[in-house]
Amino acid sequence: MFTRKDYIRYFEELAHVERKMIYLVNDAIAQLSDRRVINGLRKVAADEGKHYSLILDLLARQLELGESNEQRLNERENALGSVELTPLEEAGSSAGFRGYCSNLSKTGMCLESARPFRPGEKYTLNIEPYDPHEPVLERKGRVVWMREILDFYIGGIEFEA
Amino acid sequence: MTKEELLVMLRRGLNEEEKAIPLYTKHLGATLFLSGFKPELQVRVKELLLLLKKESESHAKVYGELIASVKEARQDVY
């Protein structure tokens, strides 16, 4: 028997898979100059974005996660992008690395990366949304939590006020 | 981006799409899957999973065609 929790876990896994594909294809487009290849990949990128929105919509509205979760998920719209993390000297964090933003608000963001990071680490974050209409942001923040999902590390970053 | 870097990226993309397809369909044949949902929602979820599967197959084809054309081309920089 599938419980509500099983469904949520399954659709969250699908959302994670879609995000990984969005990151991959957008990273490639950003590095390419060949129009033919870019155009081929743009259609894939648009579809992946649509898939991700449909899954989030299902999670938020159909699986009735509750108002607070729905609000949190809605904040994710158009918030996908790449992130360069540079450790803040005083925090003694390890080397800088590249990750992805999957959820952005005024107070923090959800970070995803193939490289692990630890709670308490502090970074300067250069956030570049995939949506070209959204501005590039620079924030200072601290890792609040981190967990491993499949082959990715996902965590919460709290921005400095 | 060099030809080799592009081919690595395209193969990764193809691999991700091919790994995702069975994930979309793994529960569709199970009688109990979605049994906790209202009938209209069951239909909607099935339609979504089938759309994801169909479009992932289409993306895998796009990646495959790009891999073939890039491999054949004499171009070194993309």
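Residues numbered from 1 in each chain as written. Chains lettered and ligands numbered in written order. Predicted model: local features only at pLDDT ≥ 70, side-chain atom pairs only at ≥ 80, totals over all residues.

**Re helix α1 (residues 3-25) of chain B**
Defined as follows: Secondary structure is summarised from DSSP: a helix means a run of H or I of at least four residues, a strand means a run of E of at least two, and numbering begins at the N terminus for each. Any helix carries an expected span of 1.5 Å times its number of residues minus one. Counting other C-beta atoms within 10 Å of a residue's C-beta gives its exposure: the residue is buried at 20 or more, exposed at 12 or fewer, and partly exposed in between, where C-beta atoms are placed from the backbone. We call two residues in contact if the C-beta atoms placed from their backbones are at most 7 Å apart.
Taking 1.5 Å of rise per residue, 23 residues should cover 33 Å, and α1(B) covers 34 Å from first to last C-alpha, within 8% of that figure. Burial in α1(B) covers these residues: B:Leu6, B:Met9, B:Leu10, B:Gly13, B:Glu16, B:Glu17, B:Ala20 and B:Tyr24. Looking at the packing, one finds that the buried side of α1(B) touches α1 (4-31) and α2 (35-62) of chain A together with α2 (39-72) of chain B.

**Observations regarding the interface of chain A and chain B**
What counts, and what does not: As a working rule, the residues Ala, Val, Leu, Ile, Met, Phe, Trp, Tyr, Cys and Pro are called nonpolar, Asp, Glu, Lys and Arg charged, and the rest polar, with Gly in that last group.
Tallying the contact residues gives 22 residues for chain A and 20 residues for chain B. Those elements that place two or more of their residues in the side of chain A that touches chain B are α1 and α2 of chain A. Broken down by element, the residue count for the side of chain A that touches chain B peaks at nine residues, all from α1(A). Considering only residue class, the side of chain A that touches chain B consists of 13 nonpolar, five polar and four charged.

**Quick notes on the domain arrangement of chain A**
Residues and elements named next belong to chain A. For the record, the criterion: All domain edges in this entry derive from an automatic or database-based domain assignment.
Taken domain by domain, chain A consists of domain 1 (4-74) and domain 2 (76-159). Counting from both sides, the interface comprises ten residues of domain 1 and, opposite them, eleven residues of domain 2. For the side of domain 1 that touches domain 2, the secondary-structure elements that each account for two or more residues are α1 and α3 (67-74). Among the elements that make up the side of domain 1 that touches domain 2, the one with the highest residue count is α1 (seven residues). Taken together, the residues of the side of domain 1 that touches domain 2 break down into four nonpolar, three polar and three charged.

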